[in-house]
Amino acid sequence: MNAVSSPRNHAAMMDAMYATQRHIYDLTRKYYLFGRDRMIRELALPDGGTVLELGCGTGRNLAMVRKHWPKAQLFGLDISAEMLKSARTTLGEQAALAQADATEFDPERLFGVAQFDRVILSYATSMIPVWREALAQGSALVAPGGSLHVVDFGDMAGLPGPARSALRAWLARFHVSPRHTLPQSAIAGGAVYGLTGSAATGMGGYYQLVTLRRDS
Ligand SMILES: C[S@@+](CC[C@H](N)C(=O)[O-])C[C@H]1O[C@@H](n2cnc3c(N)ncnc32)[C@H](O)[C@@H]1O
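So, here is what we can say about the structure in this document. (Residues numbered from 1 in each chain as written. Predicted model: local features only at pLDDT ≥ 70, side-chain atom pairs only at ≥ 80, totals over all residues.)

Focus: the site of the ligand
Turning to step 1, where the next piece is worked out: Close to the ligand lie 22 residues; Gly55, Gly57, Ser80, Ala102 and Ser122 are nearest.
Turning to step 2, where the next piece is worked out: Those elements that place two or more of their residues in the shell around the ligand are helix H1 (7-21) and helix H4 (60-68). (Near = placed C-beta within 6 Å. Helix = DSSP H or I, 4+ residues; strand = E, 2+ residues; numbered from the N terminus.)

And the structure:
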């Protein structure tokens, strides 16, 4: 691994960006991180079920999960200590939160839990350099009868060419790289852990959703 992509440098890069951005994050991102609420609605969580978000950011998604399923047990991790400050403010005692790298962590050590009913990644794979490893970690942690849900930028094929190029260039300034092979990689990677997958797109390819399920 080179110096630029080492976990420590990546954490520092995320902190540098989010130290100020986190204060306007939820307000601004609702205008371009689409598909998150659809993913959350599709979780169909059992009563008292556990949900782990990898790259939980400000805690916005976990708060939304709690609105839909008040008895959900919430867990979140993020590599950015800055983002976790916002998540703690948003979620208080409602969630167990930890600073960790989504590509390499021990859930038992962090949370005292080995597997989760739902594992979610929302606009995180496009920011994690070794994103397939985060998907592998998430897949391994899905409990029997559980599922992993991913939402992130798609190929944006529905946008006119110049708008698509401008959006991609703007996203790159925030260290965001849409993963064009996300569905194939997630489904093939999930199969290694005994999960079966499906994929969908929304808003003309603006976002993509992947769901991987483990039989009971
Ligand atoms: C675009 S934000 C998405 C936040 C939240 N999931 C949402 O949908 O609003 C991406 C988040 O992933 C986190 N992140 C980036 N790389 C990570 C890694 N390797 N491990 C854990 N979190 C990471 C960032 O710190 C940031 O909070």
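From this point on, the discussion continues.
Re the environment of Ser126
Turning to step 1, where the next piece is worked out: Inspection of the secondary structure assignment puts Ser126 in the loop between strand E4 (116-122) and helix H7 (131-140).
Turning to step 2, where the next piece is worked out: Residue classification places Ser126 among the partly exposed positions, given that 18 C-beta atoms sit within 10 Å.
Turning to step 3, where the next piece is worked out: Sequence separation between Ser126 and Leu182 is 56 residues, and the spatial gap between their C-alpha atoms is 9.3 Å.
Turning to step 4, where the next piece is worked out: Non-local contacts of Ser126, meaning those with residues more than four positions away in its chain, are made with Asp152, Phe153, Val176, Ser177, Pro178 and Arg179. (Buried ≥ 20, exposed ≤ 12 C-beta atoms within 10 Å, placed from the backbone. Contact = placed C-beta atoms within 7 Å.)

Some details on the packing of H7 against helix H9 (residues 182-192)
Turning to step 1, where the next piece is worked out: Put simply, H7 and H9 touch, their axes get as near as 9 Å, and they point 40 degrees apart. Here H7 is positioned oblique relative to H9, judged by the angle of their axes. In the packing of H7 onto H9, the handedness of the crossing is right-handed. Note on element contacts: H9 touches H7 through Ser185, Ala186, Gly189 and Gly190, opposite Arg132, Leu135, Ala136 and Ser139.
Turning to step 2, where the next piece is worked out: In terms of residue class, the contact of H7 with H9 is made up of three nonpolar, four polar and one charged. (Axes fitted to C-alpha atoms, helices over the stretch in contact; angles between N-to-C directions. Parallel < 35°, antiparallel > 145°, perpendicular 65-115°, else oblique. Left-handed = near helix turned anticlockwise from the far one by under 90°. Nonpolar A, V, L, I, M, F, W, Y, C, P; charged D, E, K, R; others polar.)

Geometric descriptors of this kind do not, in isolation, establish any biological role.
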